Amino acid sequence: MAKKVVSQLVCDACELKGEEEPSIMQMKIDGDVYDLCKVHGDRFKRELRLTFNRSVENGNAA
Ligand SMILES: [Zn+2]
């Protein structure tokens, strides 16, 4: 019998809530790596931009 095993990274933040959402991005800070879904990735990006006093809408500037 042929068998195929597929692995999928799930969002670390969703997993803490007992949910399984596929991870679509990774955030690396020094040695820490976080796998995140779109919702959590966008949330962390927004918070980091705010931390560095950058506009959320124009976060690519500077
Ligand atoms: Zn998530």
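Residues numbered from 1 in each chain as written. Predicted model: local features only at pLDDT ≥ 70, side-chain atom pairs only at ≥ 80, totals over all residues.

Describing the overall build of the protein
Looking only at helices and strands, one finds two helices and two strands in the protein. When its helices and strands are written in sequence order, the protein yields α-β-β-α. Scored against the burial criterion, the 62 residues of the protein give a buried share of 10%. Contacts spanning at least 24 positions in sequence make up 20% of the contacts within the protein whose residues lie at least 6 apart. (Helix = DSSP H or I, 4+ residues; strand = E, 2+ residues; numbered from the N terminus. Buried ≥ 20, exposed ≤ 12 C-beta atoms within 10 Å, placed from the backbone. Contact = placed C-beta atoms within 7 Å.)

Focus on unusual backbone geometry
One non-glycine residue, Asp30, lies in positive phi territory at about 55°. Note on placement: Asp30 falls in the loop between β1 (25–29) and β2 (32–36).

Quick look at helix α2 (residues 38–51)
Between the first and last C-alpha of α2 there are 20 Å, a value that for 14 residues agrees with the 20 Å anticipated at 1.5 Å per step. Backbone geometry just after α2 places Asn53 at a positive phi near 60°. (Expected span 1.5 Å × (residues − 1).)

A closer look at the pairing of β1
By the criterion of burial, β1 is predominantly exposed, with just zero of the five residues buried. Once β1 ends, the chain turns through two residues before running back antiparallel as β2, passing Asp30 with a positive phi of about 55°. (Pairing = 2+ DSSP bridges.)

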